[in-house]
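# Descriptive analysis of the structure
Given next are the chains, with one letter for each unit.
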Number of protein chains: 2
Amino acid sequence: MKDLRLHNYWRSSASWRVRLGLNLKGLPFEYVAVHLLKDGGQQNSDAYRAVNPMRTVPTLEWTEADGTVRRLSQSLAILEFLQDHAPSPSLYPEDAYLRARARMLAEYVNSGMQPMQNLSVLQRIKAELNGDDKAWGAYWNTRGLEALEKMVQPTVGRFCVGDSVTLADVCLVPQLYGARRFALDLSPYPTLLRIEAACAEHPAFQASHPDRQPDATPG
Amino acid sequence: MKDLRLHNYWRSSASWRVRLGLNLKGLPFEYVAVHLLKDGGQQNSDAYRAVNPMRTVPTLEWTEADGTVRRLSQSLAILEFLQDHAPSPSLYPEDAYLRARARMLAEYVNSGMQPMQNLSVLQRIKAELNGDDKAWGAYWNTRGLEALEKMVQPTVGRFCVGDSVTLADVCLVPQLYGARRFALDLSPYPTLLRIEAACAEHPAFQASHPDRQPDATPG
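Residues numbered from 1 in each chain as written. Chains lettered and ligands numbered in written order. Predicted model: local features only at pLDDT ≥ 70, side-chain atom pairs only at ≥ 80, totals over all residues. Heavy atoms only, no water.

## Remarks on the interface of chain A and chain B
Here is the rule we go by: Whether two residues touch is decided by their heavy atoms; if any such pair falls within 4.5 Å, the residues are in contact. By buried area we mean the combined loss of accessible area, with a 1.4 Å probe, across both parts when two parts are placed together. For salt bridges, the criterion is a side-chain nitrogen of Lys or Arg within 4 Å of an Asp or Glu carboxyl oxygen. Here a polar contact is taken to be a pair of N or O atoms separated by no more than 3.5 Å, where protein atoms must pair a possible hydrogen donor with a possible acceptor and residues adjacent in sequence count only if both atoms sit in side chains. What counts as a helix is a DSSP run of H or I of at least four residues, what counts as a strand is a run of E of at least two, and both are numbered from the N terminus.
Listed as interface residues are 42 residues of chain A and, on the opposing side, 42 residues of chain B. Of the roughly 4,200 Å² buried between chain A and chain B, counting both surfaces, carbon and sulfur atoms make up 67%. On the chain A side of the contact with chain B, A:Met54, A:Tyr97 and A:Arg124 bury the most area, a combined 15% of that side's loss. Between chain A and chain B we count four salt bridges in total. Here B:Arg99 makes a salt bridge to A:Asp84, at a shortest N to O gap of 2.8 Å. Our enumeration of links across chain A and chain B arrives at 10 residue pairs in polar contact (both at pLDDT 80 or more). Broken down by element, the residue count for the side of chain A that touches chain B peaks at 11 residues, all from helix H4 (residues 96–112) of chain A.

## Here we look at the sheet that holds strand E3 (residues 59–63) of chain B
Residue and element names in this part refer to chain B. Applied cut-off: Pairs of strands are assigned from DSSP output, requiring at least two bridges between the strands. For helices, the fitted line uses only the C-alpha atoms of the stretch in contact; every axis is such a line through C-alpha atoms, and the angle between N-to-C directions lies from 0 to 180 degrees.
Spatially, four strands are ordered E2-E1-E3-E4 in an open sheet, and the strand pairing comes out mixed. On the outer flanks of this sheet lie strand E2 (30–33) and strand E4 (69–73), each paired with one strand and no other. For this sheet the average axis-to-axis angle between neighbouring strands, irrespective of direction, equals 20°. Two elements, E3 and E4, share five bridges in a ladder whose sense is antiparallel. Bridge pairing in E4 places tryptophan 62 opposite arginine 70. Packing against the sheet, helix H1 (residues 13–24) makes contact with strand E1 (2–8), E2 and E3, and its axis sits at approximately 155° to E1. In this fold helix H3 (residues 75–85) packs onto E3 and E4, with an angle of close to 125° to the strand it touches most, E4.

Structure follows, in structure tokens:
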């Protein structure tokens, strides 16, 4: 596995999860920017569809020792693969039940929050249904964060599950970043904010932060 | 891990995934029906919120040897936990790359298709935005199935990844069942239909089928 290339977008939360995984495991990669708004969305181009027919970011691409080029998409599948490839430091707790709880929190962000407010859904809410995309995104984030604040309580330490960074933190922090774009009041979620603050001190969270990426145009 | 109880709903595709996992691994469980439409949605009751603040089905509940009651939600996290608990027969390919491909296909259904057309989203499309919920669901299923038909090609055998049932089939088959509710033409997806037909011959797929569950009211 060499010449890792990550097709991604600075502000995509799923992209940030994989940048986090690569940084936490110390795996260098080439940053290939896919702009989700320019040119009608570069993810919809024929060139990117050949890379990933799902038209989602991120896609991880690499070259095997025999020259074969391989590709993977879906952030949580990529993170599990990185864990198999580079087990240490682990993003998955040793204990089977705690590992399942970390996966549960991660999957809740991945399937119960992010999809409802990702760019392709918001665009369709606005263009097809003439709906208020900001209100739509705020609703699903609020509903999700209320549940997450409760669901972390049985396992919380410095991070979501104990005192080490897990998959759950890798999903939570990008989601909170995204939630702020919907101008939410996050004060009802003190546990989540405390975890986010602990993560913010970690070099991997700093290096992978959206605002620091080459294609970033914050503000 | 004893006295397994599955809080679920016959027509929920995420519920079917976990019923499938339990059946494939030969783990008996008590069926606890949570009706997503009755009483304003039983998942929204205080009683169920205490079981699962995410208000989603399924939730797996069991008793440990020391009497502790434990709970897990999120279908893919539950399936990984069942795999840890009962590794054989495995739902995850031995080869790391194929395992990642199976997870990728599963995650695409889990986060790229199902959430956009789950009941809570369809209800909100209709009630809040006065939108056509059937058209909305059809759009996301069509978009998703087009991508899946392409994404399975590099690995397809009798099933999505080779000749054994994996996580990918466990997610695909319930999604196809759900897609039919939006009156889609599925003929453009011959590979997916062939895989579905192979799964339909498997006793675990038969036993876990929505229409055969105690709370089912098909038609």
